[in-house]
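Chain residues, written in single-letter form:
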Amino acid sequence: MPESSGIEEQALNKAAEIGLSSQLDEVENLDVNVKTHPLKLVQGQVDAVTILGEGLVIQKDLRMEEMEMQMDSVAINPLSVAFGKIELTKPTEASTRVVLIENDINRAFNSDYVRSQLQSQKINVNGKPVAIQLQHVDFRLPGEGKIALNASILIKETGEIQQVDFSAVPRVSPNGQTVSLENVEYGQGEEISPELTKALIEQTSEILNLSNFDLEGMSLRVKQLEVETGKLTLQAEAHVEQIPTA
């Protein structure tokens, strides 16, 4: 491949890396690799775009341990290349893999965002609406396809702290957009306050909601969710309308 094409590829790689990084709160490692031929580039054709990321923190304090995205046969505006941009002329599909680990999901649960979400709700406990405050959440991925959660919740009106404890199997919705919890098994706290447990189940589904992982110009549809001991892997298709660039 001529050297000029290599220089153009490097410029596109760098522009995409800067553009994607600008949408993230933290980035440990991000690598974009554009593969094409100079004649194809002039015609607005790119053979492949690969995005590899590690330690990517997106909105709501949710960290991806790993992210891998592969796009093939991408159509771009050839004039945009002169400005170091990858401007898609039509949407493309990408295969995507996202790995979340137990510690990072725990961090999201204990973030200010989730605390504020729960505190903004009024929960019915024993038939009365009460304000709650999340004290601590222990989220676990014990294996066997399950997630498990134990939480301490303060009932503000009484100062009482209640425990919510359950395990469940996460399932992807048919449209690939949301995650619901099935086969919920309650711990000791369920009989004390099923309302609190329900609120935590809904919040768990919200944290695992796949729209949390969308970046500008990209949206995910999950095809498969694999839950192992200590980690959760999402296999998805991404609909890409634009690749963010600098």
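The rules behind these values
- Along each chain, the written sequence defines residue order, and numbers are assigned to residues from 1.
- Side-chain atom pairs in this predicted model are given and counted only at pLDDT of 80 or more, local residue features only at pLDDT of at least 70, and totals for whole chains, interfaces and linings cover all residues.
- Values shown for side chains rest on all heavy atoms present in the structure; no hydrogens or waters enter the calculation.
- One speaks of a salt bridge when a side-chain nitrogen belonging to Lys or Arg is within 4 Å of a carboxyl oxygen belonging to Asp or Glu.
- Secondary structure elements are taken from DSSP: a helix is a run of H or I of four residues or more, a strand is a run of E of two residues or more, and numbering for both begins at the N terminus.
- Only protein chains enter the area calculation, which uses a 1.4 Å probe; residues under 20% of their type maximum are buried, those over 50% are exposed, and those in between are partly exposed.
- Within this scheme, the nonpolar core is defined by two criteria: the residues are buried Ala, Val, Leu, Ile, Met, Phe, Trp, Tyr or Cys, and they are joined through side-chain atoms within 4.5 Å.
- Here, two residues are considered to be in contact whenever any of their heavy atoms come within 4.5 Å of each other.
- Any two strands with at least two DSSP bridges between them are considered paired.
- Axis definition: a line fitted to C-alpha atoms, over the contacting stretch in the case of helices. Angles run 0 to 180 degrees between N-to-C directions.
- Working definition: roughly parallel below 35 degrees, roughly antiparallel above 145 degrees, roughly perpendicular at 65 to 115 degrees, and oblique for all remaining angles.
- Should the near helix be turned anticlockwise from the far one by less than a right angle, the crossing is left-handed, and should it be turned clockwise, the crossing is right-handed.
- All amino acids are sorted into three groups, where Ala, Val, Leu, Ile, Met, Phe, Trp, Tyr, Cys and Pro are nonpolar, Asp, Glu, Lys and Arg are charged, and the leftover types, Gly among them, are polar.

Comments concerning the pattern of salt bridges
- Tallying each qualifying case throughout the model produces 12 salt bridges.
- Note that E28 is salt-bridged to R63, the shortest N-O span being 2.9 Å. On the criterion of sequence distance, the pair formed by E28 in strand β1 (residues 26–35) and R63 in strand β3 (residues 62–75) is long-range, its members being 35 residues apart.
- On the basis of relative accessibility, which here comes to 56%, the residue E28 falls in the exposed class.
- In this structure, R63 engages E65 in a salt bridge whose closest nitrogen and oxygen atoms are separated by 2.6 Å.
- Relative accessible area serves as the criterion here: at 25%, E65 is assigned to the partly exposed category.

Some thoughts on the nonpolar core
- Residues V49, I51, M69, M71 and V240 are the most contacted members of the largest nonpolar core, which totals 68 residues.
- If we skip the residues at most four places from it in the chain, M71 touches D47, A48, V49, I51, T92, E93, A94, M218, V240 and I243.

A word on the pairing of strand β9 (residues 179–186)
- The sheet contact formed by strand β8 (residues 160–172) and β9 spans 6 bridges and is antiparallel. Its bridge partner lying in β9, V169 is registered against E182.
- Taking the residues that link successive antiparallel strands as the turn, the β8-β9 hairpin has 6 residues, and the phi of G176 there is positive, at about 75°.

As for the packing of helix α4 (residues 102–109) against helix α7 (residues 194–207)
- Interhelical geometry of α4 versus α7 gives an angle of 120° and a closest axis separation of 11 Å. One element, α4, and the other, α7, form an angle in the oblique class. Regarding α4 and α7, the two cross each other, and that crossing is right-handed. Across from I105, A108 and F109 in α4, the residues of α7 making contact are Q203, T204 and I207.
- Partitioning the contact of α4 with α7 into residue classes produces 4 nonpolar, 2 polar and no charged.

So, the packing of helix α5 (residues 112–119) against α7
- It is the contact of α5 with α7, at a shortest axis distance of 11 Å, that shows an interaxial angle of 140°. When the axis of α5 is compared with that of α7, the two are oblique. Crossing hand, α5 versus α7: right-handed. Contacts between α5 and α7 pair V114, Q117 and L118 from the former with A199, L200, Q203 and I207 from the latter.
- Residues belonging to the contact of α5 with α7 are distributed by class as follows: 5 nonpolar, 2 polar and no charged.

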